[in-house]
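# What the coordinates show
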Amino acid sequence: MVRRTKEQAEATREQLLDAAETLFCEKGVASTTLDLIARAAGVTRGAVYWHFKNKAEIFEAVCDRATSPMETMLDTLAADPGEDPLGALERQARDILMMVATDTRMRSVLEILFRGFDGGAEFAEYLAREEENKRRCRCQIESVLKVAIARGQVSPKLDAADGAIALTAFVGGIMHDWVTDADYDLARLAPWLTEIFFRGLRHS
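Cut-off values and rules
Here the residue index of a chain counts from 1 through its sequence in written order. Reporting of local features is limited, given that this is a predicted model, to residues whose pLDDT is at least 70; pairs of side-chain atoms are given and counted only at 80 or more, and all residues count toward the totals for whole chains, interfaces and linings. Think of the side-chain values as coming from all heavy atoms in the structure, minus any hydrogens and water. Counting from the N terminus, the helices are the DSSP runs of H or I reaching at least four residues and the strands are the DSSP runs of E reaching at least two. Under the rule applied, a polar contact is a pair of N or O atoms within 3.5 Å (in protein, one hydrogen donor and one hydrogen acceptor; residues adjacent in sequence only if both atoms are side-chain atoms). By the convention used here, residues are in contact when the closest approach between their heavy atoms is within 4.5 Å. A helix is expected to reach a length of 1.5 Å times the quantity of its residues less one. Values of bend correspond, residue by residue, to the angle between axes fitted over the seven residues ending at that residue and the seven starting there. UniProt positions are given in the numbering used here, feature names are shortened, and annotations may be inferred rather than shown by experiment. When a carboxyl oxygen of Asp or Glu lies within 4 Å of a side-chain nitrogen of Lys or Arg, that pair is called a salt bridge. Only the stretch in contact is used when a helix axis is fitted, and all axes are lines through C-alpha atoms; the angle between N-to-C directions ranges over 0 to 180 degrees. Geometric relationships in this document are graded by angle, where less than 35 degrees denotes roughly parallel, more than 145 denotes roughly antiparallel, 65 to 115 denotes roughly perpendicular, and other angles denote oblique. A crossing counts as left-handed when the near helix is turned anticlockwise from the far one by less than a right angle, and as right-handed when that turn is clockwise. Classification convention: Asp, Glu, Lys, Arg as charged; Ala, Val, Leu, Ile, Met, Phe, Trp, Tyr, Cys, Pro as nonpolar; all other residues, Gly among them, as polar.

## Considering the side chain of glutamine 140
Positionally, glutamine 140 belongs in helix H7 (residues 124-150). A polar contact is formed between the side chain of glutamine 140 and the side chain of aspartate 75, at a distance of 2.6 Å. Discounting chain neighbours no more than four positions away, the residues touching glutamine 140 are Leu74, Asp75 and Ala78.

## Considering helix H4 (residues 55-79)
In this model H4 runs 34 Å from its N-terminal to its C-terminal C-alpha over 25 residues, within 8% of the 36 Å that 1.5 Å per residue would give. Taking the largest bend as the criterion, H4 deviates by roughly 50°, centred on threonine 67, and proline proline 69 comes between one and four positions later. Sitting at the amino-terminal end of H4 is asparagine 54, which places a side-chain oxygen 3.2 Å from the backbone nitrogen of alanine 56.

## Some points on helix H5 (residues 85-102)
Here H5 contains 18 residues, and its C-alpha end-to-end distance of 25 Å stays within 8% of the 26 Å for a straight helix at 1.5 Å per residue. Looking at the buried residues of H5, the elements they touch are H4, helix H6 (104-114), H7, helix H8 (160-180) and helix H9 (186-201).

## A closer look at the UniProt feature "domain: HTH tetR-type" (unreviewed entry) in the chain
Look at the UniProt record and you will see "domain: HTH tetR-type" (unreviewed entry) annotated at residues 10-70. Split by type, residues 10-70 is 80% helix and 0% strand. Its first and last C-alpha atoms lie 23 Å apart.

## Description of the pattern of salt bridges
Inspection of the entire model under this criterion finds 18 salt bridges. Between arginine 105 and aspartate 18 there is a salt bridge, and its shortest N-O distance comes to 3.5 Å. One end of the pair, arginine 105, is in helix H6; the other, aspartate 18, is in helix H1 (residues 2-27), with 87 residues separating them in the sequence. A salt bridge links glutamate 142 to lysine 146, with the shortest nitrogen-to-oxygen separation between them at 3.4 Å.

## Quick word on the packing of H7 against H8
In the contact formed by H7 and H8, the axes pass within 8 Å of each other and the chain directions differ by 125°. By the angle between their directions, the pair H7 and H8 is classed as oblique. Considering only the axes of H7 and H8, their crossing is right-handed. Of H8, the residues touching H7 (which contributes Cys137, Arg138, Ile141, Glu142, Leu145, Lys146 and Ile149) are Ala160, Ala161, Gly163, Ala164, Ile165, Leu167 and Thr168. Tallied by class, the residues present in the contact of H7 with H8 amount to nine nonpolar, two polar and three charged.

In structure tokens form, the structure reads like this:
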């Protein structure tokens, strides 16, 4: 019975996140209320508060559900860059772009974030955490590039911090461009785009 109750609670949570994701895309974050989310999910408002304390917490969970695979990939690489750190970083950049191109949930969340996020003051803590996550991401990429430099894969003249800025701007810029104006086949171009970028980093 306890397991069944836990499974039902998890199913309800997923229903709420699915409903919130759809409404955030259709109406915008500011115009989406907890009542609308509850009705779209087919649950009571009390069920919403059982899982989340406010709309900002729901929004964060919606975003984390879509983007956590990318963060996990980078955490794993930074912990162990392996024998081919630059190659691993290139594959990861390509895989992230492929994920954006093929994962409808990730695209929905990126659309919410890129098309004028209008959450308001209640989202200040979330936005601050996101800025910290971006800094952490750059630091992790920098650490991988330092290993690549030490292994002779990248010129020692490259500043690893600058390389991390360039890579995050490259991947983030493509993501933003494609999500807001998807007039090309990103899945087809992702391998070529990343190959061109990393070709410029490789130490001949």
